[in-house]
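# Survey of secondary and tertiary structure
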Amino acid sequence: MEDSLDRRYAKAVLLNLYKLGGTAKKVDLVSSTSGWNALTQLLVELKNDGYIDISEHILGRRTYEIKITDKGRAVARKFKEAEEVAESPADQEAEGVIHIDGEEINVALTPEERENSKYLKFLFHFNVMDNHITVEEAVPGKRSRIFNIYVKQNGHGIFRLWCEADDSYQCWHVREAWTYPQVQKMMTQYKGKVKVCQVCGSENPERAKFCMECGAKLE
Ligand SMILES: [Zn+2]
Ligand SMILES: [Zn+2]
């Protein structure tokens, strides 16, 4: 039988669960996968292979509590150790990592980027969907510019910050932006506010029943 851990996202889900203290609701884990359908299927497989237990509660609505087993914990601990080794290159300072929603985000700046970050100004005028911040960059000797950093799904369907100036999820503007509490809050609020269509991947308002892009029924 194929082991569920070979599957895409399985490690991310187990690791996330471990970092959340071993117990979580489905909604806490969905950002580790491509979406609800993928998560639901994966959880069944992880359970069948003995890495997690799933219990069902009816509290007004049906909720599922996911709990890591001893077997799952032992494996997740190994993943965590491997991740720590991989994420600590010699030139990265200890403070170069922050934790948001159980995920580690790399925010390390090079000395030059740190020097330039003095000339970045973040404007926290949120738009209606509260999905971006505006950045004013006025680095001496360079043309000054204004651009936005958006909350956007990356290629794995995970919400990240995306800089329109660099078309990047990890340019130094993004790494610097992550360190602002207002930005972290925007990210958390935005993730809780949108429904991602399982068919086409587009983002819909919380209350939408059907996808505005493709018309598919939203979960
Ligand atoms: Zn940038
Ligand atoms: Zn859609």
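Computed from a predicted structure; not experimentally measured. (Residues numbered from 1 in each chain as written. Chains lettered and ligands numbered in written order. Predicted model: local features only at pLDDT ≥ 70, side-chain atom pairs only at ≥ 80, totals over all residues. Heavy atoms only, no water.)

## A short note on the side chain of K26
What counts is decided by this rule: Secondary structure is summarised from DSSP: a helix means a run of H or I of at least four residues, a strand means a run of E of at least two, and numbering begins at the N terminus for each. Contact definition: two residues touch when any of their heavy atoms are within 4.5 Å.
Considering the arrangement of structural elements, one finds K26 in helix α2 (residues 26-29). The contacts of K26, once residues within four sequence positions are left out, are W36, L39, T40, L43, Y64 and I66.

## Topic: the domain arrangement of the chain
The parts lose accessible area when they come together, and the size of an interface is often stated as this lost area. Applied cut-off: Each domain's limits were defined by an automated method or a database of domain assignments. Note on terms: buried area is the combined drop in 1.4 Å-probe accessible area of two parts once they are placed together, counting the loss on both. Salt bridges are counted wherever a side-chain nitrogen of Lys or Arg sits within 4 Å of a carboxyl oxygen of Asp or Glu. In this classification, the charged set is Asp, Glu, Lys and Arg, the nonpolar set is Ala, Val, Leu, Ile, Met, Phe, Trp, Tyr, Cys and Pro, and all remaining amino acids, among them Gly, are polar.
Per the domain assignment, the segments making up the chain are domain 1 (4-80) and domain 2 (91-193). The gap between the C-alpha centroids of domain 1 and domain 2 is 29 Å. Every contact between the two is made by 8 residues of domain 1 and, on the other side, 8 residues of domain 2. Summing both sides of the interface, domain 1 and domain 2 together bury roughly 580 Å²; the carbon and sulfur share of this comes to 41%. The tally of links from domain 1 across to domain 2 stands at 0 salt bridges. Tallied by class, the residues present in the side of domain 1 that touches domain 2 amount to 1 nonpolar, 4 polar and 3 charged.

## Focus: the side chain of N148
Just so we agree on the cut-off: Remark: exposure states derive from per-residue accessible area (1.4 Å probe, protein chains only) relative to the maximum for the residue type, with buried under 20%, exposed over 50%, and partly exposed in between. Think of a polar contact as two N or O atoms within 3.5 Å of one another; within protein, one of them needs to be a possible hydrogen donor and the other a possible acceptor, and neighboring residues in sequence only count if both atoms come from side chains.
With respect to the helices, strands and loops of the structure, N148 is situated in strand β8 (residues 145-153). For N148, a relative accessible area of 14% translates into the label buried. A distance of 2.8 Å separates polar atoms of two side chains, one belonging to N148 and the other to T134. Of note is the side chain of N148, whose polar atom sits 3.2 Å from the side chain of Y150. Aside from chain neighbours lying at most four places away, what touches N148 is H132, I133, T134, W162, C163 and E164.

## Concerning the sheet that holds strand β6 (residues 120-123)
Put simply, the rule reads: For two strands to be treated as a pair, DSSP must find no fewer than two bridges joining them. Note on geometry: axes are lines fitted to C-alpha atoms, helical ones only across the stretch in contact, with angles between N-to-C directions running from 0 to 180 degrees.
Reading across from one edge, β6-β7-β8-β9 is the order of the 4 strands in this open sheet, with antiparallel pairing throughout. The strands lining the two open edges of the sheet, one partner per strand, are β6 and β9 (159-163). Strand-to-strand twist in this sheet, taken as the mean axis angle between neighbours without regard to direction, amounts to 25 degrees. As judged from the 6 bridges shared by strand β7 (residues 132-137) and β8, these two strands associate in the antiparallel manner. Each residue of the ladder has a partner; that of T134, found in β8, is N148. Across the face of the sheet, helix α7 (residues 181-193) comes into contact with β7, β8 and β9 while running at roughly 125 degrees to β9.

## Observations regarding the coordination of the zinc ion (ligand 2)
Rules: In this description, a donor is an N, O or S atom within 2.8 Å of the metal centre, a cutoff extended to 3.2 Å for sodium, potassium and calcium. Water is not part of the atom list, which can make sites seem incomplete. In this scheme the shape depends on donor count and angles: four donors with every angle between 85 and 135 degrees give tetrahedral, four or six donors with opposite pairs above 155 degrees and others between 65 and 115 give square planar or octahedral in turn, and any other case is irregular.
Around the zinc ion (ligand 2), the protein contributes the donor atoms C197 (SG), C200 (SG), C211 (SG) and C214 (SG), which lie 2.3 Å from the metal centre. One can describe the site at the zinc ion (ligand 2) as tetrahedral: its 4 donor atoms subtend angles covering 106 to 115 degrees at the metal. The exposure class of C200 is partly exposed, given its relative accessible area of 36%. Note on C214: relative accessible area 37%, which makes it partly exposed.

## Things to note about the coordination of the zinc ion (ligand 1)
Around the zinc ion (ligand 1), the protein contributes the donor atoms C163 (SG), D166 (OD), C171 (SG) and H173 (ND1), at 2.0 to 2.3 Å from the metal centre. One can describe the site at the zinc ion (ligand 1) as tetrahedral: its 4 donor atoms subtend angles covering 94 to 116 degrees at the metal. Donor residues for the zinc ion (ligand 1), ordered by position in the chain, follow C-x2-D-x4-C-x1-H. Side by side, C171 and H173 carry an identical accessibility label, which is buried.

## Some remarks on the pattern of salt bridges
Counted by the stated rule, this structure contains 4 salt bridges. Note that R160 is salt-bridged to E103, the shortest N-O span being 2.8 Å. Placement of R160 in strand β9 and of E103 in strand β5 (residues 103-106) is noted, with a sequence separation of 57 residues between them. The class of R160 is buried, set by a relative accessible area of 18%. When its relative accessible area of 15% is taken as the criterion, E103 is described as buried. For E113, the salt bridge goes to R175, with nearest N and O atoms at 2.8 Å. With E113 in helix α5 (residues 111-116) and R175 in helix α6 (residues 172-178), this pair connects stretches of sequence that are 62 residues apart. Judged by its relative accessible area of 16%, E113 is buried. A relative accessible area of 14% places R175 in the buried class.

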